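This is what each chain is made of:
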Amino acid sequence: MWRVIISCSAEAWKASAVEFKSIAEKYAGTCISSKKMPDGQRLMEYKIEDVSDAEAFQDDCLRLEGFTATFESL
């Protein structure tokens, strides 16, 4: 079990939210947390079973301008 942690600025979210959502739908994961901070920054966590999917999800998120992503074991 893996946790993928994604963050982005408010501007990055406005520009790429639709694309991010389509990326997230490609992977068999569950959103375990989604927070909008007072400054508009977004923090999201997804639980993914397969390490290959977690790595690919991270890589896809990193391709979006202004997004950061990491993954770790649960």
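These numbers were taken from a predicted model, which means no experiment stands behind them.

How each quantity is defined
Residues numbered from 1 in each chain as written. Predicted model: local features only at pLDDT ≥ 70, side-chain atom pairs only at ≥ 80, totals over all residues. Heavy atoms only, no water. Helix = DSSP H or I, 4+ residues; strand = E, 2+ residues; numbered from the N terminus. Buried < 20%, exposed > 50% of the residue type's maximum accessible area, 1.4 Å probe, protein only. Contact = heavy atoms within 4.5 Å. Expected span 1.5 Å × (residues − 1). Arc of directions from axis to C-beta. Polar contact = N/O pair within 3.5 Å; in protein donor to acceptor, adjacent residues only side chain to side chain. Salt bridge = Lys/Arg side-chain N within 4 Å of Asp/Glu carboxyl O. Pairing = 2+ DSSP bridges. Axes fitted to C-alpha atoms, helices over the stretch in contact; angles between N-to-C directions.

Chemist: Is there a simple way to explain the side chain of Asp60 in this structure?
Modeler: Note on placement: Asp60 falls in helix α2 (residues 51–62). A relative accessible area of 14% places Asp60 in the buried class. Once residues within four sequence positions are removed from consideration, Asp60 is found in contact with Ile23, Lys26 and Tyr27.

Chemist: How should I be thinking about α2 in this particular structure?
Modeler: Structural remark: α-helix, 3.6 residues per turn; residues separated by three or four positions point the same way. Its 12 residues give α2 an end-to-end C-alpha distance of 17 Å, which sits within 8% of 16 Å, the value for a rise of 1.5 Å per residue. Restricting attention to buried positions, one finds in α2 the residues Ala54, Phe57, Gln58, Asp60 and Cys61. Seen along its axis, α2 keeps its buried residues to an arc of 165°; they face one direction. Tucked into the core, α2 has its buried residues touching β1 (2–8), α1 (10–26), β3 (42–48) and β4 (67–73). Capping the start of α2 is the job of one residue whose side-chain oxygen sits 3.1 Å from the backbone nitrogen of Ser52: Asp50.

Chemist: Honestly, the environment of Asp59 in this entry has me stumped. Any pointers?
Modeler: Tracing the chain through its elements places Asp59 in helix α2. Residues Asp59 and Cys8, spaced 51 residues apart in sequence, show a C-alpha to C-alpha distance of 14 Å.

Chemist: Would you explain the pattern of salt bridges in this entry?
Modeler: Oppositely charged side chains can form a pair if their charged atoms are brought close together. Within this structure, the stated rule accounts for 4 salt bridges. Of the charged contacts in the structure, one is a salt bridge between Glu72 and Arg3, with a shortest N-O distance of 2.2 Å. Of this pair, Glu72 sits in strand β4 while Arg3 sits in strand β1, and the two are 69 residues apart along the sequence. With a shortest N-O distance of 3.0 Å, Lys26 and Asp60 are connected by a salt bridge. Taken together, the positions of Lys26 in helix α1 and Asp60 in helix α2 put the pair 34 residues apart, joining distant regions of the chain. Via salt bridges that share partners, Arg3, Glu45 and Glu72 belong to a single interconnected network.

Chemist: Which parts of the structure should I look at to understand the sheet that holds β3?
Modeler: Backbone hydrogen bonds hold the strands of a sheet together, and the pairing may be parallel or antiparallel. Pairing is antiparallel in the open sheet, where 4 strands are placed in the order β2-β3-β1-β4. Every other strand in the sheet has two partners, leaving β2 (29–36) and β4 as the edge strands with one partner each. The sheet shows a mean angle of 15° between the axes of neighbouring strands, direction not considered. Across 7 bridges, the pairing between β1 and β3 is antiparallel. Bridge pairing in β3 places Arg3 opposite Lys47. Against the sheet, α1 contacts β1, β3 and β4, and its axis sits at roughly 15° relative to β3. Each of β1, β3 and β4 touches α2; the most contacted strand, β4, lies at about 165° to it.

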